[in-house]
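Here is what each chain is made of, one letter per residue.
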Amino acid sequence: MSRRLVSLTLDTLEDLPRSCRACVFWELDPVAADRACANGDPGLEKEAWVSQTLLEWGSCGKLVYVDGMPAGFVMFAPPAYVPRSMAFPTSPVSPDAVLLMTAHVVQPFADGGLGRMLVQGVARDLTKRGVKAIEAFGDAKFGEVDEAGRNEQGCLAPADFFTSIGFKTVRPHPRYPRLRLELRTALSWKSDVEYALEKLLGSMSPESLLRPVLPVRPATRTMQP
C-alpha cells in the first residue's frame, strides 16, 4: 500500500470529497457563506479563495493518496485569510500561529494514521516558513446536532483527534475548544521513530549487523512485468 502526500493546488482541489469541495464554511464569514450557499456558487467561491491564498501566501492544504486514491486532506491558513476564525467563542487564534481549518480522512481509510501524516506534513511545510505553532478549533461534540439544527461535523474536526496527536487545549469550551500544537512537537514524531530505530540497532551485536545477506535464488524471485 503506497501513500503519497501532495500540496493542495487548483488541480488537486477537485480531489476533495464533493461536500468539502463546495463548502465555504471557513473561507467566508457566516453571512456571506449563507448567501453563497443560497444564491451563489460556493464551489466557485472556494476555488477563488484557494487561488488567492496560494498567490498571496502559499500552500494552504495537503492531500494524501493511498494507492492513487484520494484518502484525506487538511486545509490551513493564517487567521487573517479565514473570516470564520473570528466567529468562535474561543477566538481569536494566537498571532504566532497558523489556523488548521479542517482535517478529514475518508471513512474507508480511517484509523490508518493518515490524519497524523497530514498534520506532520503541514508542520514540515510551516516550519520552513518560520511559523511557530498550529492552532485549531476542535468540536468536542463531533457529530451531534447544534442548537440551530445543523450538523457541522464536516467542517470541524473532533477535538479528540487533535488531542490524540499532541495538541494542547489553550482555551477550553464545552463545544469549541481552541487547541495548539507547537511545531517542534509535531516534528519530534519523526525523531522519536528514528530514536527507537537507533536503539533497536544499538542493541544488536556488530556481528549481526555486518552479517552478509544470503543471495536469493533466481527461482524464487518475483519477476516484474
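Residues numbered from 1 in each chain as written. Predicted model: local features only at pLDDT ≥ 70, side-chain atom pairs only at ≥ 80, totals over all residues. Heavy atoms only, no water.

Labelled according to an unreviewed UniProt entry, the chain appears under the name GNAT family N-acetyltransferase, originating from Dactylosporangium maewongense.

> Sorry, what's going on with the packing of aromatic side chains here?
Two aromatic rings, taken as a pair, are described by how far apart their centres are and by the angle between their planes. This model, assessed by the stated rule, comprises nine aromatic pairs. Geometrically, the ring pair formed by Phe25 and Trp26 is edge-to-face, given 5.2 Å between the ring centres and 85 degrees between the ring planes. For the pair Trp26 and Phe88, a centre-to-centre distance of 5.5 Å together with 25 degrees between the ring planes defines the contact as stacked. With Trp26 in the loop between α1 (18–21) and α2 (30–39) and Phe88 in the loop between β3 (69–77) and β4 (97–105), the pair connects residues that are 62 residues apart, well separated along the chain. With respect to burial, Trp26 and Phe88 carry one shared label: buried. Clustering of aromatic rings is evident, with ring pairs tying together Phe25, Trp26, Phe88, Phe137 and Tyr176. (Phe/Tyr/Trp six-rings, centres within 6.5 Å; stacked < 30°, edge-to-face > 60°. Helix = DSSP H or I, 4+ residues; strand = E, 2+ residues; numbered from the N terminus. Buried < 20%, exposed > 50% of the residue type's maximum accessible area, 1.4 Å probe, protein only.)

> I tried to follow the pattern of salt bridges on my own but got confused; where do I start?
Working definition: two side chains of opposite charge can pair if their charged atoms are close together. Inspection of the entire model under this criterion finds 10 salt bridges. Between Glu27 and Lys46 there is a salt bridge whose closest N-O contact spans 2.8 Å. Highlighted residues: Glu27 in the loop between α1 and α2 and Lys46 in helix α3 (residues 42–56), separated in sequence by 19 residues. Assigned by exposure class, Glu27 and Lys46 land together as buried. (Salt bridge = Lys/Arg side-chain N within 4 Å of Asp/Glu carboxyl O.)

> It is not clear to me how the nonpolar core should be interpreted in this structure. Could you clarify?
The tendency in soluble globular proteins is for nonpolar side chains to be buried as a group. Counting residues in each nonpolar core, the largest one holds 27 residues, and the members touching the most others are Leu8, Leu16, Trp26, Trp49, Met75, Met101 and Leu156. Sorting the residues of this core by element identifies α3, β2 (61–66), β3, β4 and β5 (133–137) as the ones contributing at least two each. Among residues more than four places away in sequence, those in contact with Met101 are Trp26, Glu27, Trp49, Met75, Phe76, Ala77, Val82 and Cys155. Val66, Ala71, Ile165 and Leu181 belong to the second largest nonpolar core, which has 24 residues in total. (Core = buried A, V, L, I, M, F, W, Y, C linked by side-chain atoms within 4.5 Å. Contact = heavy atoms within 4.5 Å.)

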